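# An overview of the molecular structure
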Amino acid sequence: MIRKKRIESTSGAFAVRVDTWDDETGEAMRVEYDGDGRPLRRAVVTRFPREAWDDDVVGEAVWYDGHDRVLRRRPVLLGRALVLDE
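Residues numbered from 1 in each chain as written. Predicted model: local features only at pLDDT ≥ 70, side-chain atom pairs only at ≥ 80, totals over all residues. Heavy atoms only, no water.

## What about the side chain of Asp-65?
As for its position among the elements, Asp-65 is in strand β5 (residues 57-65). Since its relative accessible area comes to 13%, Asp-65 is described here as buried. A polar atom in the side chain of Asp-65 sits 2.7 Å from the side chain of Arg-69. Here Asp-65 is in contact with Leu-40, Arg-41 and Leu-71, once residues within four sequence places are set aside. (Helix = DSSP H or I, 4+ residues; strand = E, 2+ residues; numbered from the N terminus. Buried < 20%, exposed > 50% of the residue type's maximum accessible area, 1.4 Å probe, protein only. Polar contact = N/O pair within 3.5 Å; in protein donor to acceptor, adjacent residues only side chain to side chain. Contact = heavy atoms within 4.5 Å.)

Printed below as a string of C-alpha cells:
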C-alpha cells in the first residue's frame, strides 16, 4: 500500500513536506517545498534486491537539492528505522 503524509511547518527550513512510501517495497520519497511551492530538496529511498544486500545494508537514501544535484547518500540498514531527517 502506498501512503502519503503532508506536513506544514513554520520553521525556516521548509514550508511544506510531503512524504510518500510504499509499505510493500520499503521505497520512499520526501520532498520539501518553500512557501511558494517550489521544491527545495528531496530524498529518494530505494531498497536493493535481497541478493544485493551487503551485510545489514539493504538500500540507499539519496538527498538532492532543488536542481536535482546530489547532496549526500546514506545507507539504509536492516532492522533500523529509516532516518530521512538530518
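Now that the structure has been shown, we can carry on.
## Considerations on the pairing of strand β2 (residues 16-22)
The element β2 is largely enclosed, with a buried count of 5 among its 7 residues. In this structure, strand β1 (residues 2-8) lies alongside β2, joined through 7 bridges in antiparallel fashion. Looking at the pairing, Lys-4 lines up with Thr-20 of β2. Sheet topology places β2 next to strand β3 (residues 28-33); 6 bridges connect them, and they run antiparallel. Its bridge partner being in β3, Asp-19 is matched across the sheet by Arg-30. (Pairing = 2+ DSSP bridges.)

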